[in-house]
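Working through the structure, step by step
Given next are the chains, with one letter for each unit.
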Amino acid sequence: MDIVLGLQWGDEGKGKFIDLISENYDITARFNGGSNAGHSIERNGKRITLKMIPSGIFMNRVQNVIGTGTVLDPVSFKKEILNLQLFDASLQPENNIIISRKAHFVLPTHKLLDVFMEENPDFTTIGTTKNGIAQTYSNKILRQNLRIGDMYAPDFKSRARYIIERDYKMLAAGKMTLPILEEITEEFLDAVDFLKRFRCTETEIYLNNALSEGKTILAEGSQAAMLDIDHGTYPYVTSSSTTAAGACSGLGISPKKMGEIYGIAKAYCTRVGNGAFPTELFDELGDEIRTKGNEFGSNTGRPRRTGWLDLPALKYAIMINGVTQLVLTKADVLSGLKSVAVCTHYESEDGALETVSGTLSENTRPVLKWMNGWEADFSNMKNSSELPVELTEFLSFLEAELGIPVSYLSTGPGREQMLKMK
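Residues numbered from 1 in each chain as written. Predicted model: local features only at pLDDT ≥ 70, side-chain atom pairs only at ≥ 80, totals over all residues. Heavy atoms only, no water.

For strand β18 (residues 406–410), a buried count of five out of five residues is recorded, marking the element as mostly surrounded by other parts of the structure. Note: strand β14 (residues 325–329) against β18, three bridges, orientation parallel. Each bridged residue has a counterpart across the sheet, and for Val327 the counterpart in β18 is Tyr408. Both β18 and strand β19 (residues 418–420) contribute to a ladder of three bridges, which runs antiparallel. From the neighbouring strand, Leu409 faces β19, where its bridge partner is Leu419. (Buried < 20%, exposed > 50% of the residue type's maximum accessible area, 1.4 Å probe, protein only. Helix = DSSP H or I, 4+ residues; strand = E, 2+ residues; numbered from the N terminus. Pairing = 2+ DSSP bridges.)

Dropping the structure here:
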């Protein structure tokens, strides 16, 4: 099993890379998160954002697994499937999507609770996507939730109605403006009926049997390492494990079966929502990079915060995940700048830090190394020999600092705009 992970704060371009290499695998499998993900893919001049659906969906021979470690909102999933079929009518997602019976349902009141906590001054505001992900994982841990396999039970609808109504009453007591209870309940139950069109099974058994048969699996992570619930910049993190270890637990596959671990990183950094961001740019250059790189949340549309590449954070992400190959994206966005900066270490009250942990402070001061910028038309490049010398020097510097090869370089948003370096 190979794994693709984001190494920063998300939005690194995982969907594009998975879409590109998934043709080399028999199965792609999502192992964490839910509809808070947003993997954007461009095909035939059109762009689509996948949330729950694995990014190998465009390869007809590839099976796409939504694993046990995920949480699934059936209403969002139904909309995503219908949108996918409008995007490409030739696809038959009912034939190549498999869902874990042990994945957990996102209930409509989970999303309402998310909104309530984000807007209530009694709670910490972290800038979530308001998709109910944290509330679902919380109820999973509390053993109070419904799982996908439960939808086949004869009392499922009554159980779902009871939980939704219970949560609704609690929110009403908090004086939240709410949609009509019966409407959101029926929308949820209708979407559950739609979900029954898809194969739901014990995916850990399916995946391990596939490996025993010699089939290949690509595990797809959502969000990114610095948003991991345990190792990220808490509390401004996601609610699941985004690491290579999370791929094993989220899919039920032994760590002994891990192969290549591809880490995706941008040539600069972005972040959506609150939280520490030492290299953040607050000037016109930050705005220019945001506009040129189309740095707006694929899920929420929110403007992303932009900043220089952060090596201490990147070293940390590579370390905890055991990354074997680096995929660098959006170097083309920086084309035209006379110079670019890289944060080599931090200065703090405790001295210099070269590798940062998830306890990154708002007061951490970045130390920048400035390098010559590059200028080139990346749109039609087919070989790494065409790269400007300044970019080649930039890549060599990264490899020396990080201790792993830059195996792929993205040269644009298109599916084929990816150079294999080594």
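So, next bit.
Moving on, we come to helix α12 (residues 389–402). A rise of 1.5 Å per residue sets the reference length of α12, with its 14 residues, at 20 Å; its end C-alpha atoms lie 20 Å apart and thus fit the reference within 8%. Along α12, the residues classified as buried are Leu391, Phe394, Leu395, Phe397, Leu398, Glu399 and Leu402. Against β13 (305–310), α11 (311–321), β14, β15 (339–348), β17 (365–372) and β18 lie the buried residues of α12. Looking one or two residues past α12, Gly403 carries a phi angle of roughly 75°, positive in sign. (Expected span 1.5 Å × (residues − 1). Contact = heavy atoms within 4.5 Å.)

This part covers the sheet that holds strand β2 (residues 27–30). Sheet architecture is open: 10 strands sit in the order β9-β7-β5-β2-β10-β1-β11-β14-β18-β19, paired in mixed fashion. What marks the edges here is a single partner per strand, and that holds for β9 (199–201) and β19. Strand after strand, the sheet turns through a mean of 20° between neighbouring axes, direction not considered. The strands that helix α9 (residues 244–251) touches are β1 (2–6), β2, β10 (217–220) and β11 (261–266); relative to β1, the one it contacts most, it runs at about 120°. (Axes fitted to C-alpha atoms, helices over the stretch in contact; angles between N-to-C directions.)

Here Leu368 shows up in strand β17. Not counting residues within four places of it along the chain, the set of residues in contact with Leu368 comprises Trp308, Ala341, Val342 and Cys343.

Here the focus is the pattern of salt bridges. Tallying each qualifying case throughout the model produces 25 salt bridges. In this structure, the salt-bridge partner of Arg415 is Asp19, at a minimum N-O distance of 3.0 Å. Separated by 396 residues along the polypeptide, Arg415 in the loop between β18 and β19 and Asp19 in helix α1 (residues 14–21) bring together distant segments of the chain. By relative accessible area, which is 15% here, Arg415 ends up buried. A salt bridge links Glu416 to Arg415, with the shortest nitrogen-to-oxygen separation between them at 2.7 Å. Residue Glu416 is classed as exposed on the basis of its relative accessible area, which comes to 57%. Here the residues in one salt-bridge network are Asp11, Lys266, Glu295, Arg304 and Lys330, joined through shared partners. (Salt bridge = Lys/Arg side-chain N within 4 Å of Asp/Glu carboxyl O.)

Take the packing of aromatic side chains next. Within this structure, the stated rule accounts for 12 aromatic pairs. Where Phe58 meets Phe87, the ring centres are 5.9 Å apart and the plane angle is 65°; that geometry is what we call edge-to-face. In this pair, Phe58 is assigned in the loop between β4 (46–50) and β5 (63–66) and Phe87 in helix α2 (residues 74–87), connecting sequence segments 29 residues apart. Take Phe58: its relative accessible area is 8%, and that puts it in the buried class. With a centroid separation of 5.7 Å and 75° between ring planes, the pair formed by Phe105 and Phe188 is classed as edge-to-face. You can see Phe105 sitting in strand β8 (residues 104–105) and its partner Phe188 sitting in helix α7 (residues 181–195), a full 83 residues away along the chain. Here the two residues Phe105 and Phe188 agree in accessibility, since each one is buried. Cation over ring: Lys46 sits above Phe87, and NZ or CZ is 4.8 Å from the ring centre. (Phe/Tyr/Trp six-rings, centres within 6.5 Å; stacked < 30°, edge-to-face > 60°. Lys NZ or Arg CZ within 6 Å of the ring centre and 35° of its normal.)

This paragraph deals with the packing of helix α4 (residues 108–119) against helix α6 (residues 156–173). Orientation of α4 relative to α6, taken along the N-to-C sense of each, is 20°, at an axis distance of 9 Å. Regarding the angle of α4 to α6, the classification is roughly parallel. The handedness of the crossing between α4 and α6 comes out as left-handed. Counting all contacts with α4, which are made through Pro108, Thr109, His110, Leu112, Leu113 and Phe116, the residues of α6 involved are Ile164, Asp167, Tyr168, Met170 and Leu171. Of the residues in the contact of α4 with α6, the class split is eight nonpolar, two polar and one charged. (Parallel < 35°, antiparallel > 145°, perpendicular 65-115°, else oblique. Left-handed = near helix turned anticlockwise from the far one by under 90°. Nonpolar A, V, L, I, M, F, W, Y, C, P; charged D, E, K, R; others polar.)

Further remarks concern the pairing of β15. The pairing of β13 with β15 spans two bridges and is classified as parallel. Within β15, the residue paired with Leu309 across the bridge is Val342. Sheet analysis places β15 next to β17, joined by eight bridges and oriented antiparallel. Paired with Ser339 across the two strands is Asn372, which belongs to β17.

On to α11. Most of α11 sits out of view: nine of its 11 residues are buried. Capping the start of α11, Asp310 holds a side-chain oxygen 3.0 Å from the backbone nitrogen of Ala313, two or three residues further along. Residue Gly322 follows α11 closely and has a positive phi angle near 65°. (Polar contact = N/O pair within 3.5 Å; in protein donor to acceptor, adjacent residues only side chain to side chain.)

In this section: the nonpolar core. Judged by nonpolar contacts, the single largest core of 58 residues is most densely connected at Met1, Leu391 and Phe394. Of the residues forming this core, the biggest block, six residues, is contributed by α12. Counting residues in hydrophobic clusters, the runner-up holds 33 residues, among them Leu50, Ala160, Leu195 and Phe198. (Core = buried A, V, L, I, M, F, W, Y, C linked by side-chain atoms within 4.5 Å.)

Negative phi is the rule for most residues except glycine; trans is the rule for most peptide bonds. Omega for the bond connecting Tyr234 with Pro235 falls within 30 degrees of zero, at 5°, which places this linkage in the cis form. Relative to the elements of secondary structure, Pro235 occurs in the loop between β10 and α9. Located in the positive-phi region is Asp11, a residue other than glycine, with phi close to 65°. Inspection of the secondary structure puts Asp11 in the loop between β1 and α1. For Asp11, a relative accessible area of 24% corresponds to the partly exposed category. Unusually for a residue other than glycine, Asn294 sits at a positive phi of about 50°. Locating Asn294 in the fold gives a position in the loop between α10 (284–292) and β13.

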